[in-house]
Amino acid sequence: MSANVVRLQPHLLRAAHLRVLVAAVDQAQMAFDDAEVLIAAGRFFGRATFASADALQVWLDEHDAHAQFLPWLLWDADAEPGVQPEHDLAKRLRRQFRSGPEKTVLKALRATRPDVYAVFAVDGKTTTLERLRDRAQVVVHEPVLRSMAAVGEVFVARVVEVGGLHLLDAVHASLPAVCRPAMLRVAKRLELLPNERRLPTLLSAASRSLSRVRPVAERFAGPAGRMRWTMVFAVDDTVRVQEALRRSTLDGQLARLSPNRFAVLDPTLGPIGATLRLAGGRFFAATSAPGGLTRLRTGLPPLIGLQPQATLVRDLEPLFDARRRSEWSSSELQSVAREWMGECLTAFQDTAQPWLDGATPREAVRTADGRIRVKAWLSHVEVVGEVAGPGYNTAVQRLWRELADA
């Protein structure tokens, strides 16, 4: 008789990592009043010292910089003994974590620096990342990547090795595959940089690289976005988030699509709205709407009481270009296509659309020009419907008949 052996250590370390992450972020935010934290923030952002905790918080909110600054403050800001003295925040963290797994994870976090990775493979529960500077591969078990990573995407990320296990601690920036050459050049210079300067240097390079490819993406965007942004939040109290989502649904801000999936009912997002999803101890907010990310950044944190841990960007061109579909697996294509279609069609008929000069499709089809524009847009959506699977284009055609008959 044989018994299945369950290795507890990986589960203990993953659980400890989440506990350390949530508690450390809370401690970091409570330390914003510390003079040394305000000085460190000035170094990170390359500007004068912040005058107060409120000024720092406003800056982080306006620049969506929580996922970049907080890990740097926790693990990089005093990472070089003799260069910067250990700040009080680091001392408080060492006193807070007492269990063996927590202390092990904390030590590993403080020894880990950000680097540049490309998604090499996504297989079931695991994702293989390739570190660009030396092509070393690491396998991570992480729901965030498992549900949205595409092969070839480039991450500025922090991957912690502890007890033979690799844990994804943070994704500071996400870029499409076309940015790989530019980020490779920067990655090869990382060893020459002081620890404090690694992340700011990588983020600056990522911003430049992304700005160079955005004009290309926008040229093809038309009324339907070809880029997709996903904000990821760590959830320490699922019940509280579920209650916030329930209240927002009752208030008419959200539409419930399934028990843990919601659509954002915001007319300013246009036909490509936003989808919210609660899964695996994470909360995901995704949109392809041009300008939609800015509205999610300002609207979601107060709504759900969470701060974003990462913002990922994905090039959706394989949905529209059959020649590029081999870049993704068939299941991945279908999953992204269905989510995109769901965002397009939720409350479509009666949502004001910028590309219809603020009219709803139901109003626009009353004129010849409006009918042409609505029909052309739905034909564009049908291209993705072919990937989404049986029934989706039937839904689009049924939608057009409803509008045309009206």
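Reading the values: rules and limits
- Sequence order as written defines the numbering, with residues in each chain counted from 1.
- Where local features are concerned, this predicted model is filtered to residues with pLDDT of at least 70; where side-chain atom pairs are given and counted, the filter is 80 or more; whole-chain, interface and lining totals use all residues.
- Side-chain measures here rest on the full set of heavy atoms in the structure, leaving out hydrogens and waters.
- Put simply, DSSP marks the helices as runs of H or I at least four residues long and the strands as runs of E at least two long, and each gets a number from the N terminus on.
- Partly exposed residues are those whose accessible area sits between 20% and 50% of the maximum for their type, while under 20% is buried and over 50% is exposed, using a 1.4 Å probe and protein chains only.
- By definition in these notes, contact holds between two residues if any of their heavy atoms fall within 4.5 Å.
- What sets the accessible areas is the Shrake-Rupley method with a 1.4 Å probe; for residues, cover comes only from the shown protein chains.
- Each pair of strands is called paired provided DSSP finds at least two bridges between the two strands.
- To obtain an axis, a line is fitted to C-alpha atoms, over the contacting stretch when the element is a helix, and the angle between two such axes runs from 0 to 180 degrees between their N-to-C directions.
- Any carboxyl oxygen of Asp or Glu that lies within 4 Å of a side-chain nitrogen of Lys or Arg is treated as forming a salt bridge with it.
- Note on scores: pLDDT gives the predictor's confidence for each residue, bounded by 0 and 100.
- Here a polar contact is taken to be a pair of N or O atoms separated by no more than 3.5 Å, where protein atoms must pair a possible hydrogen donor with a possible acceptor and residues adjacent in sequence count only if both atoms sit in side chains.
- Centres within 6.5 Å make a pair out of two Phe, Tyr or Trp rings, where for Trp the six-membered ring is used; the pair is then stacked when the planes are under 30 degrees apart, edge-to-face when over 60, and tilted otherwise.
- The rule for a charge over a ring is simple: NZ of Lys or CZ of Arg within 6 Å of the ring centre, and within 35 degrees of the ring normal.
- Only buried residues count toward a nonpolar core. Its members are Ala, Val, Leu, Ile, Met, Phe, Trp, Tyr and Cys residues joined through side-chain atoms within 4.5 Å.
- What a helix is expected to span follows from its residue count: subtract one and scale by 1.5 Å.
- Given a residue, its bend is the angle between the two axes fitted to the seven residues that end at it and to the seven that start from it.
- Note on angle classes: values under 35 degrees are labelled roughly parallel, values over 145 roughly antiparallel, values of 65 to 115 roughly perpendicular, and the remainder oblique.
- Crossing handedness: left-handed means the near helix sits turned counterclockwise from the far one by under a right angle, and right-handed means the same turn made clockwise.
- Residues are sorted three ways: Asp, Glu, Lys and Arg are charged, Ala, Val, Leu, Ile, Met, Phe, Trp, Tyr, Cys and Pro are nonpolar, and all the rest, Gly among them, are polar.

Asks: Got a minute to help me understand the overall build of the chain in this structure?
Replies: Within the chain, the regular secondary structure consists of 16 helices and 11 strands. By residue count, 52% of the 406 residues in the chain fall in the buried class. Across the chain, every contact between residues at least 6 apart in sequence was considered, and the portion connecting residues at least 24 apart equals 62%. Total accessible area computed for the chain in this model is approximately 18,800 Å², and 53% of it derives from carbon and sulfur atoms.

Asks: Sorry if this is basic, but what is going on with the sheet that holds strand β10 (residues 282-287) here?
Replies: In a beta sheet, neighbouring strands pair by backbone hydrogen bonds and run either parallel or antiparallel. Strand order across the open sheet formed by 6 strands is β7-β8-β9-β10-β6-β11, with antiparallel pairing between neighbours. What marks the edges here is a single partner per strand, and that holds for β7 (254-258) and β11 (308-315). The average undirected angle you get between the axes of adjacent strands in this sheet is 20 degrees. Pairing of strand β9 (residues 274-279) with β10, which is carried by 6 bridges, proceeds in the antiparallel orientation.

Asks: I would appreciate a short explanation of the pattern of salt bridges in the present structure.
Replies: Any two side chains of opposite charge can pair, so long as their charged atoms come close to each other. All chains considered together, the criterion is met by 17 salt bridges. Of the charged contacts, one joins Arg373 and Asp369 as a salt bridge, the two residues approaching to 3.1 Å between their closest N and O atoms. You can see Arg373 and its partner Asp369 sitting in helix α15 (residues 368-388), 4 residues apart, about one turn around the helix. The class of Arg373 is partly exposed, set by a relative accessible area of 30%. Bridged by salt links that share partners, the residues Asp115, Arg133, Glu191 and Arg198 form one connected network.

Asks: Is there a simple way to think about the pairing of β10 in this case?
Replies: Regular strands place their side chains on alternate faces of the sheet. Among the 6 residues that make up β10, 6 are buried, leaving the element largely enclosed by the rest of the structure. What you see with β10 is no split at all: Arg282, Phe284 and Ala286 on one side and Phe283, Ala285 and Thr287 on the other are buried throughout. In this structure, strand β6 (residues 227-234) lies alongside β10, joined through 6 bridges in antiparallel fashion. Bridging across to β10, Met231 finds its partner in Ala285. In textbook terms, the turn of a hairpin is the stretch between consecutive antiparallel strands, and for β9 and β10 this stretch comprises 2 residues, one of which, Gly280, has a positive phi near 55 degrees.

Asks: What is the right way to read the confidence of the model for the chain from this model?
Replies: Low pLDDT marks stretches whose predicted atomic positions should not be read closely. On average, the chain scores 81 in pLDDT, and the residues at 70 or more come to 89%. Taken element by element, the chain is modelled with least confidence in helix α7 (residues 143-148), mean pLDDT 64, and with most confidence in helix α8 (residues 180-187), mean pLDDT 93.

Asks: Help me understand the side chain of Glu102 in this model?
Replies: On the secondary structure map, Glu102 appears in helix α6 (residues 100-111). A polar atom in the side chain of Glu102 sits 2.9 Å from the side chain of Arg19. Those residues within four positions of Glu102 in sequence are excluded, and the remaining contacts are Ala16, Arg19, Val20 and Phe97.

Asks: It is not clear to me how the packing of aromatic side chains should be interpreted in this structure. Could you clarify?
Replies: By convention here, two paired aromatic rings are described through the distance between centres and the angle between planes. Under the counting rule described, the total for this entry stands at 12 aromatic pairs. When the centroid spacing of 5.8 Å and the interplanar angle of 75 degrees are considered together, the rings of Phe50 and Trp59 count as edge-to-face. An angle of 15 degrees between the planes, with centres 5.1 Å apart, marks the rings of Phe348 and Trp377 as stacked. Of this pair, Phe348 sits in the loop between α13 (330-345) and α14 (361-364) while Trp377 sits in helix α15; the two residues are 29 residues apart in sequence, bridging distant segments of the chain. In this structure, Arg47 is placed above the aromatic ring of Phe50, and the distance from its NZ or CZ to the ring centre is 4.0 Å.

Asks: When you look at the nonpolar core in this model, what are you seeing that I'm missing?
Replies: General note: in soluble globular proteins, nonpolar side chains tend to be found buried as a group. Membership of the largest hydrophobic core comes to 56 residues, with the highest contact counts inside it found for Phe32, Leu56, Phe69, Trp72, Leu73, Trp75 and Met183. With 8 residues, the top contributor of residues to this core is helix α1 (residues 8-30). The contacts of Phe69, once residues within four sequence positions are left out, are Phe32, Ala41, Phe44, Phe45, Leu56 and Leu60. In terms of nonpolar packing, the next biggest core, distinct from the first, is built from 28 residues, Leu333, Ala337, Phe348 and Trp400 among them.

Asks: Explain the environment of Thr112 to me, please; I cannot follow it from the model alone.
Replies: Of note, Thr112 is situated in the loop between α6 and β1 (115-123). By relative accessible area, Thr112 is classed as buried at 10%. For the pair Thr112 and Val160, spaced 48 residues apart in the sequence, the C-alpha separation amounts to 6.1 Å. Once you skip the residues sitting within four places of it in the chain, Thr112 turns out to touch Asp76, Arg158, Val159 and Val160.

Asks: I would appreciate a short explanation of α15 in the present structure.
Replies: End to end, α15 covers 30 Å across 21 residues, agreeing with the expected 30 Å (1.5 Å per residue, within 8%). The largest bend along α15 measures about 25 degrees and falls at Glu382. Of the positions making up α15, those classed as buried are Gly370, Val374, Trp377, Leu378, His380, Val381, Glu382, Val384, Gly385, Val387 and Ala388. For α15, the secondary structure elements touched by its buried residues are α12 (317-320), α13, α14 and α16 (392-405).

Asks: What am I meant to see in the packing of α13 against α16 here?
Replies: Two packed helices can be described by the angle between their axes and the distance between those axes. Where α13 contacts α16, the axes come no closer than 11 Å and their chain directions differ by 15 degrees. Considering the angle they form, α13 stands roughly parallel to α16. Helix-helix and strand crossings are classified by hand; for α13 and α16 the assignment is left-handed. Residues Arg338, Met341 and Leu345 of α13 form the contact with α16, whose participating residues are Tyr392, Val396 and Leu399. Grouping the constituent residues of the contact of α13 with α16 by class yields 5 nonpolar, no polar and 1 charged.

Asks: Would you mind showing me how to read the environment of Gly100 here?
Replies: Checked against the element boundaries, Gly100 lands in helix α6. Judged by relative accessible area, Gly100 falls into the partly exposed class, the value being 41%. C-alpha separation for the pair Gly100 and Leu12, spaced 88 residues apart in sequence, amounts to 9.9 Å.

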